[in-house]
Amino acid sequence: MLSSFESIPTRERVIVALDCGIDEAFDLADKLQGKATWLKVGMTLFYANGPAIVYALKERGFKVFLDLKFHDIPHQVEGAAASATGNGADMLTMHTVGGVDMMSAAQKGAERAAEEYGFEVPVTLGITVLTSMNEEGLREIGVSRSVADQVAVLAEQAKIAGISGVVASPQEAAELRELLGPDAYIVTPGVRPAGSERGDQSRVATPAEAFAAGASHIVIGRPITQADDPAAAFERIVAEL
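How each quantity is defined
Residues numbered from 1 in each chain as written. Predicted model: local features only at pLDDT ≥ 70, side-chain atom pairs only at ≥ 80, totals over all residues. Heavy atoms only, no water. Pairing = 2+ DSSP bridges. Helix = DSSP H or I, 4+ residues; strand = E, 2+ residues; numbered from the N terminus. Axes fitted to C-alpha atoms, helices over the stretch in contact; angles between N-to-C directions. Contact = heavy atoms within 4.5 Å. Parallel < 35°, antiparallel > 145°, perpendicular 65-115°, else oblique. Left-handed = near helix turned anticlockwise from the far one by under 90°. Nonpolar A, V, L, I, M, F, W, Y, C, P; charged D, E, K, R; others polar.

A word on the sheet that holds strand S8 (residues 217–220). Spatially, S1-S2-S3-S4-S5-S6-S7-S8 is the arrangement adopted by the eight strands of the closed barrel, whose pairing is parallel. Strand-to-strand twist of the sheet, defined as the mean angle between neighbouring strand axes without regard to direction, takes the value 25 degrees. Across the face of the sheet, helix H4 (residues 74–86) comes into contact with strand S3 (63–70) and strand S4 (91–95) while running at roughly 165 degrees to S3.

Take a look at the structure:
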């Protein structure tokens, strides 16, 4: 199944992960300004600097993927999603294992805050199985399903909850596109250009493979951020696609 995202320019579907300190994050943002559309702020950067990092990146013209992976009781997650939306996040995440009620609460909080602040409702994503995990890792936490089956079960819960889509590895993207339909966001970390090191990722693919499988967006960190010329590395990836 084709996705409805294929008409969007490729550079607007590549999310650069800023898994670093604030000085390096600003340096990378300045180098990628006018080239990349999306930057990802994860726990390391956000917990050290708070909402100010989101404001600063928004002021530089970027869309911000705030990847904090909410997982708590529905009331707390509703409040967290509302706060993140009020801070300007354009995309946010929660763990699908928190259940349908929790994910629905996150969507409610995001919609409420967007209306209150006059913002667009952010993209709401459910984390399925972390790309650092494999089937052995699932067994260690008591999950007997295969990775693919576990991802599908959790993605179905996200669909029922009414959130925008899911985060999963590129290896599950094709099945998820069939399951969730053409308009769902399927954001895939674990993307590595050919020849790049895997790092701590277990389930990986190249950018071209991820998009061909049905990903709406891909997340790339170290192959861009640790390159001698991050802007050139970003442009090479876009050109390959």
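The pairing of strand S6 (residues 165–167) with strand S7 (residues 185–188) spans three bridges and is classified as parallel. Looking across to S7, one finds that Gly-165 is bridged to Tyr-185. The pairing of S7 with S8 spans two bridges and is classified as parallel. Bridging across to S8, Val-187 finds its partner in His-217.

In contact at an axis separation of 10 Å, helix H7 (residues 147–161) and helix H8 (residues 173–180) are set at 30 degrees when each is read in the N-to-C sense. Comparing their axes, H8 and H7 come out roughly parallel. Judged by the sense of rotation from one axis to the other, the crossing of H7 with H8 is right-handed. Two secondary-structure elements touch here, H7 through Ala-148, Val-151, Ala-152, Ala-155, Glu-156 and Lys-159 and H8 through Glu-175, Leu-176, Leu-179 and Leu-180. Residues that form the contact of H7 with H8 fall into these classes: seven nonpolar, no polar and three charged.

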